[in-house]
Amino acid sequence: MTSSTSSRRHFLQLVTAAVAAAGSRSAMAADKKEPFKISLAEWSLNKGIFGKGGAERHEHLDFCKIARSLDIGGVEYVNQMFFDKATDAAYLGEMKKRQEGEGVEGLLIMCDREGNLGDPDEAKRAKTVENHLKWLDAAKTLGCHSIRVNAASDHKLSPEEQMKLAADGLHRLCVEGDKRGLFVVVENHGGLSSNGLWLTGVMKAADHARVGILPDFGNFYTDRIKGELYNPYKGLREFMPWVKKGMSAKAYDWDTGAGKFYTEDRREGREITLDFERLINIVVKAGYNGYIGIEYEGDKHTEIEGIKRTKQALDEIKAML
């Protein structure tokens, strides 16, 4: 064997080894799961859709288009944006068509203004459950996995009694959700629902496989008027075992000097500073790798700019994990 032949063979061996190593690294990269995915909560556009505060106007039917333009692949609808269309098959069909046309995934419908699931009046509690059925049907039509509801009761009652009533309403609704293959998830939305131990107590009392929690990073005000807060990091850790497939990354003003990944609600009496990096680490360490929904409510940026800035923070934190 000549030296030149030996050199060529050695060279080919090196090339083959390099190609194999590169292929192995590519396979490993392909196998590695994303720490989480990013979705968009429609409430981020509420000012524009409702025409408030001189914000740029947006149309509900353009929601999926806006999400796709921001490179976001999942959407969380808000029932208030199409409140009178829940049973309008043609309208829901148009929503579905636009959703599929933009290549985004419909995740859930956030439901409000349908009564208290923990109402102490038996007839009103039953009516509230009935009022939510059309949203379960709409969510199924749109291919969602959940509806988000509130665990509201009568604040004049003891926390224990409110827990019992809210759990009863939730259980009834979960029975209906199960028929449709859907989850019923509760958001910490002020009052007792923002108390981590109380809401997890409701989960246990509701006692149904379809019940869960949709944590909101910023909705830990137990009394907004007095500015009383439940520790958001403690609350999020308490909520994680009950999370199904979604959560809301509530964001306010960015770039306030608090830190790179800190967002601040600076309204008087409602001051709160949230460390997104710390919150996301709690989420990921709990084993969650589903969608985290951007829900921007700040004043410093426009709605679109606020969404972009929140996505930037989430993307940068994701890259660090």
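For the structure, see preceding data.
Residues numbered from 1 in each chain as written. Predicted model: local features only at pLDDT ≥ 70, side-chain atom pairs only at ≥ 80, totals over all residues. Heavy atoms only, no water.

Peer 1: Would you explain the overall build of the protein chain in this entry?
Peer 2: Broken down by element type, the protein chain carries ten helices and twelve strands. Here the C-alpha coordinates of the protein chain stretch approximately 95 × 45 × 40 Å along the principal axes. Here the protein chain, with 321 residues, has 49% of them falling under the buried criterion. Contacts in the protein chain between residues far apart in sequence, at least 24 positions, make up 76% of those at least 6 positions apart. For the protein chain, the exposed area adds up to about 15000 Å²; of that, 51% sits on carbon and sulfur atoms. (Helix = DSSP H or I, 4+ residues; strand = E, 2+ residues; numbered from the N terminus. Buried < 20%, exposed > 50% of the residue type's maximum accessible area, 1.4 Å probe, protein only. Contact = heavy atoms within 4.5 Å. Areas by Shrake-Rupley, 256 points an atom, 1.4 Å probe, with all protein chains shown as cover.)

Peer 1: Could you clarify how one ought to interpret the packing of aromatic side chains in this entry?
Peer 2: The description of an aromatic ring pair rests on the distance of the ring centres and on the angle between the ring planes. Following the criterion strictly, the structure yields nine aromatic pairs and no others. Measuring from ring centre to ring centre gives 5.8 Å for F63 and Y77, while their planes differ by 70 degrees; the resulting arrangement is edge-to-face. Taken together, the positions of F63 in helix α3 (residues 63–69) and Y77 in strand β2 (residues 74–78) put the pair 14 residues apart, joining distant regions of the chain. A residue is classified by how much of its surface remains accessible, and Y77, at 1% relative accessible area, is buried. Ring plane angle 85 degrees and centroid distance 5.7 Å describe the contact between F217 and F276, whose orientation is recorded as edge-to-face. Here F276 lies in helix α9 (residues 276–285) and F217 lies in the loop between β6 (211–214) and β7 (221–223), a separation of 59 residues in the sequence. For F276, a relative accessible area of 0% gives the class buried. Members of the aromatic cluster, joined through ring pairs, are F63, Y77, F82, F83 and W135. It is R210 that lies over the ring of F183; its NZ or CZ is 4.8 Å from the centre. (Phe/Tyr/Trp six-rings, centres within 6.5 Å; stacked < 30°, edge-to-face > 60°. Lys NZ or Arg CZ within 6 Å of the ring centre and 35° of its normal.)

Peer 1: Got a minute to help me understand the pattern of salt bridges in this structure?
Peer 2: Close approach of charged atoms allows side chains of opposite charge to pair. This model, assessed by the stated rule, comprises 27 salt bridges. A salt bridge links E114 to K134, with the shortest nitrogen-to-oxygen separation between them at 3.0 Å. Taken together, the positions of E114 in the loop between β3 (105–110) and α5 (122–141) and K134 in helix α5 put the pair 20 residues apart, joining distant regions of the chain. Note on E114: relative accessible area 7%, which makes it buried. One salt-bridge network, held together by shared partners, links E122, R125, D168 and R172. (Salt bridge = Lys/Arg side-chain N within 4 Å of Asp/Glu carboxyl O.)

Peer 1: Please explain the nonpolar core as it appears in this structure.
Peer 2: Most often, soluble globular proteins keep nonpolar side chains buried together rather than apart. With 88 residues, the main nonpolar core has Y77, I109, L170, F217 and F276 as its most contacted residues. The contacts of L170, once residues within four sequence positions are left out, are L117, V149, V184, V186, V202, M203, A206 and V211. (Core = buried A, V, L, I, M, F, W, Y, C linked by side-chain atoms within 4.5 Å.)

Peer 1: Which parts of the structure should I look at to understand the sheet that holds β2?
Peer 2: Pairing between the strands of a sheet comes from backbone hydrogen bonds, and it takes one of two forms, parallel or antiparallel. Taking strand neighbours across the sheet as the criterion, the eight strands line up as β6-β5-β4-β3-β2-β1-β12-β9 in an open arrangement whose pairing is parallel. The strands lining the two open edges of the sheet, one partner per strand, are β6 and β9 (248–251). Taken over all neighbouring pairs, the strand axes of this sheet differ in orientation by 30 degrees on average, direction set aside. Pairing of strand β1 (residues 37–41) with β2, which is carried by three bridges, proceeds in the parallel orientation. From the neighbouring strand, L40 faces β2, where its bridge partner is V75. Along the sheet, helix α7 (residues 196–206) contacts β5 (183–187) and β6; its crossing angle with β6, the most-contacted strand, is approximately 160 degrees. (Pairing = 2+ DSSP bridges. Axes fitted to C-alpha atoms, helices over the stretch in contact; angles between N-to-C directions.)

Peer 1: Before we go on, may I ask you to explain the environment of G54 in this structure?
Peer 2: If you trace the backbone, G54 turns up in the loop between α2 (46–50) and α3. Residue classification places G54 among the exposed positions, given a relative accessible area of 78%. In sequence terms G54 and T310 are 256 residues apart; their C-alpha atoms lie 22 Å from each other.

Peer 1: In this structure, what is going on with the environment of E264? I would like to understand it.
Peer 2: For E264, the location among the structural elements is in strand β10 (residues 262–265). Given a relative accessible area of 16%, E264 falls into the buried group. With 127 residues separating them along the chain, E264 and D137 place their C-alpha atoms 37 Å apart. Side-chain polar atoms of E264 contact the side chain of T256, separated by 2.4 Å. (Polar contact = N/O pair within 3.5 Å; in protein donor to acceptor, adjacent residues only side chain to side chain.)

Peer 1: It is not clear to me how the side chain of E303 should be interpreted in this structure. Could you clarify?
Peer 2: Take E303: it is sitting in helix α10 (residues 303–320). Comment: no salt bridge for buried E303; closest opposite-charge side chain is K47, at 5.8 Å. Ignoring any residue separated from it by four or fewer positions in sequence, one finds E303 in contact with S44, L45, N46, K47, G48, A55, H58 and Y296. (Lys, Arg positive; Asp, Glu negative; His and termini not counted.)

Peer 1: Sorry if this is basic, but what is going on with the side chain of H301 here?
Peer 2: Relative to the elements of secondary structure, H301 occurs in the loop between β12 (291–296) and α10. H301 sits in the buried class, given a relative accessible area of 14%. A polar side-chain atom of H301 sits 3.1 Å from the main-chain amide nitrogen of W254. Those residues in contact with H301, other than ones at most four positions away along the chain, are Y252, D253, W254, D255, Y296 and G306.

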